[in-house]
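# Commentary on secondary and tertiary structure
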Amino acid sequence: MNQDEVTGCPTTAAAPTVTYNGLTFVPFISRKEINARVKEIAAEISGRFEGRCPLLVCVLNGAFLFAADIFRELTIDAEITFIRLKSYDGMSSTGKVKQIHGLSEDIAGRDVIIVEDIIDTGHTMAGLLDDLRARHPHTLSIATLLFKPDSLQTQISPDYVGFNIPTKFIIGYGLDLDGLARNLPDIWVIGEQAEQSTTPNKTMRNVVIFGAPGSGKGTQSERIINRYGFHHISTGDVLRSHIKRGTELGAIADGYISKGQLIPDELMVKILADVLDNEVAPEAAGVIFDGFPRTVPQAEALERMLSERGRKVDVVVGLETDDDELTQRLLKRGQESGRSDDNIETIRKRLDVYHNQTSPLRDYYDARGSYRRIEGKGHPDSIFEDIAKHIDAIL
Ligand code: AMP
């Protein structure tokens, strides 16, 4: 396979920069280079699937131009269909998963080629592959216009890659910023200056919901989402979703979670950065961090990550409850949800970890003036009203 490494900024006759939502982009990959690579990929696919009428599955919206261009360059019979991937909240034990919308074709026994615009961490693609594999295609391959090998956190290995690119934000040729820039014929990369100093949404609020396991963070997060429309990041849910999908990261996480231990900071910080960059819509009103940070180094990393995006932790609401109550709640949850770490031995370990590694964060945030103590025992509705007062104060 011939992959082109693109590292420089080819000069074009177009204006040297374009600006969207205050972010400046410089030329990166020209339409001419894209055309040439599309032709090569279409020729490879035509050679491999001659006489087999493959089905291209275009992932909307970003891949629509790439898929159309590949499709019309094919010299064999082929079909094309279009899908959307929509996030939905699974039960809290399964985390967020993406569901396929729009695939009406029976793909059993077919040669299926997923056409994607960009593969970053690979999590979305891993979920899609699992889903499509379960429908028993004859072969399943991936064609992606862009691939960020340095961001990859899964074992995805695309069959056809337009260009390997560094971990940078890009737009054009189907890729958008807030819906704009998809119709630029060339691909543009964010300018160094802009990337560091500007952010699409400086008013996005950041709320940390803090407390021991079983203190009600998940329950209260749901209420916050309903009232304020904030984006919910639960690191526990993210990890459980990896375990469920059998990813490499899931296998690592499982070892720690089942023992009631914390996942190492360095890995956790990488996971969170990925979620912040790829899951949170730039126009979101706010983000609730549930289960992160859990250590002082994580809190420092969060401060750094937010400040790079022109944001900060606006308030930390700490749900405070005694260990007896927490243990009873977690045992009950274990019986109801079957969560594997809600057994007495692991619960004790998790509470120890909380007291030793996580509770120092109370002082950390108190010293910064952002900690608000919430009485965690009582009716969930009245606890929520206490929390809401503090969120209202930062809006
Ligand atoms: P939770 O659902 O938040 O109770 O998290 C369940 C488990 O996931 C924890 O006991 C940890 O093993 C792991 N975990 C979740 N968030 C973090 C984090 N920020 N740092 C380290 N480990 C985490």
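About the cut-offs
- Throughout this description, residue numbers start from 1 for each chain and increase along the sequence as written.
- Given that the model is predicted, a residue must reach a pLDDT of at least 70 before its local features are reported, and side-chain atom pairs must reach 80 or more before they are shown or counted; all residues, however, enter totals for whole chains, interfaces and linings.
- Computation of side-chain values covers all heavy atoms of the structure but excludes hydrogens and water.
- Only runs of H or I of at least four residues qualify as helices and only runs of E of at least two qualify as strands under DSSP, and these elements are numbered from the N terminus.
- When we talk radius of gyration, it's over C-alpha atoms, and the globule rule is simply 2.2 Å times the number of residues to the 0.38.
- Buried means the residue's accessible area, taken with a 1.4 Å probe over protein chains only, is under 20% of the maximum for its type, while exposed means over 50%, and partly exposed covers the values in between.
- It only takes one pair of heavy atoms within 4.5 Å for two residues to be counted as in contact.
- Surface accessibility in these figures is a Shrake-Rupley result with a 1.4 Å probe; residues are shielded only by whichever protein chains are displayed.
- Positive residues here are Lys and Arg, negative ones are Asp and Glu, while His and the chain termini are left out of the count.
- Lysine's charge is taken at NZ, arginine's at CZ, aspartate's at CG and glutamate's at CD.
- Two strands qualify as a pair provided DSSP detects at least 2 bridges between them.
- A fitted line through C-alpha atoms represents every axis, and for helices the fit uses only the stretch in contact; the resulting angles, taken between N-to-C directions, go from 0 to 180 degrees.
- Think of a salt bridge as a Lys or Arg side-chain nitrogen and an Asp or Glu carboxyl oxygen that are within 4 Å of each other.
- Here a residue counts as near a molecule or strand whenever at least one of its heavy atoms sits within 4 Å of it.
- Pairing of N or O atoms within 3.5 Å defines a polar contact, subject to two protein rules: one partner must be a possible hydrogen donor and the other a possible acceptor, and residues neighboring in sequence count only if both atoms are side-chain atoms.
- Residue polarity is assigned by list, with Asp, Glu, Lys and Arg as charged and Ala, Val, Leu, Ile, Met, Phe, Trp, Tyr, Cys and Pro as nonpolar; anything else, Gly included, falls into the polar class.
- Start and end positions for the domains come from either an automated domain assignment or a database one.
- Summed over both partners, the accessible area lost on bringing two parts together, with a 1.4 Å probe, is the buried area.
- By construction, the arc corresponds to the directions joining the helix axis to the C-beta atoms.

Attention now goes to the overall build of the chain. Counting its regular elements, the chain contains 13 helices and 16 strands. At 23 Å, the chain has a C-alpha radius of gyration in line with the 21 Å of a compact globule built from 395 residues. Dimensions along the principal axes, computed over C-alpha positions, put the chain at roughly 70 × 50 × 30 Å. Looking at the 395 residues of the chain, the share that counts as buried comes to 50%. Long-range pairs, those at least 24 residues apart, make up 72% of the contacts in the chain with a sequence separation of at least 6. As displayed, the chain offers around 18200 Å² of accessible surface, 49% of which is attributable to carbon and sulfur atoms. In the chain, which carries 45 positive and 58 negative side-chain charges, the distance between the mean positions of the two groups comes to 3 Å.

So, on to the sheet that holds strand β14 (residues 286–290). Spatially, the 5 strands line up as an open sheet ordered β13-β14-β12-β15-β16, and their pairing is parallel. In this open sheet, the two strands that pair with only one neighbour each are β13 (231–234) and β16 (371–375). Averaged over neighbouring strand pairs, the angle between their axes works out to 20 degrees when direction is ignored.

With the rule as written, the count across this model stands at 27 salt bridges. Between D69 and R31 there is a salt bridge whose closest N-O contact spans 2.7 Å. Here D69 is found in helix α2 (residues 64–73), whereas its partner R31 is found in helix α1 (residues 31–48), with 38 residues between them in sequence. Residue class for D69 comes out buried when judged on its relative accessible area of 7%. Here E79 ties to R110 by a salt bridge, and the two come within 3.2 Å at their closest N and O atoms. Here R110 lies in the loop between β6 (96–101) and β7 (111–119) and E79 lies in strand β5 (residues 79–89), a separation of 31 residues in the sequence. Judged by relative accessible area, which is 18%, R110 ranks as buried. Through salt bridges with shared partners, a single network forms among R333, R339, D341, D342 and R350.

To continue, consider the site of the ligand. Taken together, 16 residues surround the ligand, and among them T235, Q261, G291, R294 and Q298 come closest. T235 places a side-chain nitrogen or oxygen 2.8 Å from a nitrogen atom of the ligand. Within the side chain of R240, one N or O atom sits 2.9 Å away from an oxygen atom of the ligand. When the ligand sits alone it has 480 Å² of accessible area, and the protein chains cover 96% of it. Residues that form the shell around the ligand fall into these classes: 6 nonpolar, 5 polar and 5 charged.

Another aspect to go through is the environment of K312. By the element assignment, K312 lies in the loop between α9 (296–308) and β15 (315–320). Distance in space between the C-alpha atoms of K312 and V207 is 9.2 Å, their sequence separation being 105 residues. Residues contacting K312, with those up to four places away along its chain left out, are N206 and L306. Among the polar contacts listed, one links the side chain of K312 to the side chain of D314, at a separation of 3.0 Å.

Time to look at the domain arrangement of the chain. For the chain, the assigned domains are domain 1 (18–194) and domain 2 (205–392). For domain 1 and domain 2, the distance between their C-alpha centres works out to 32 Å. Residue-level contacts link 14 residues of domain 1 with 16 residues of domain 2. Together domain 1 and domain 2 conceal approximately 1400 Å² of surface at their shared face, both sides included; 47% is due to carbon and sulfur atoms. Across the contact surface, domain 1 and domain 2 share 0 salt bridges. Where domain 1 touches domain 2, the interface holds 3 residue pairs in polar contact (both at pLDDT 80 or more). At 4 residues, helix α3 (residues 123–133) tops the list of elements feeding residues into the side of domain 1 that touches domain 2.

Looking now at the side chain of T295. By the element assignment, T295 lies in the loop between β14 and α9. For T295, a relative accessible area of 6% translates into the label buried.

In this section: the sheet that holds strand β11 (residues 187–190). The 4 strands are arranged β2-β3-β11-β10 in an open sheet whose pairing can be described as antiparallel. A single partner strand is all that each edge strand has here, and the edge strands are β2 (18–20) and β10 (170–171).

With respect to the helices, strands and loops of the structure, R309 is situated in the loop between α9 and β15. Side-chain polar atoms of R309 contact the side chain of D277, separated by 2.7 Å.

What follows deals with α2. Listed in full, the buried residues belonging to α2 are F66, A67, D69 and I70. On an axial view of α2, the arc spanned by its buried residues comes to 165 degrees, and they lie on one face.

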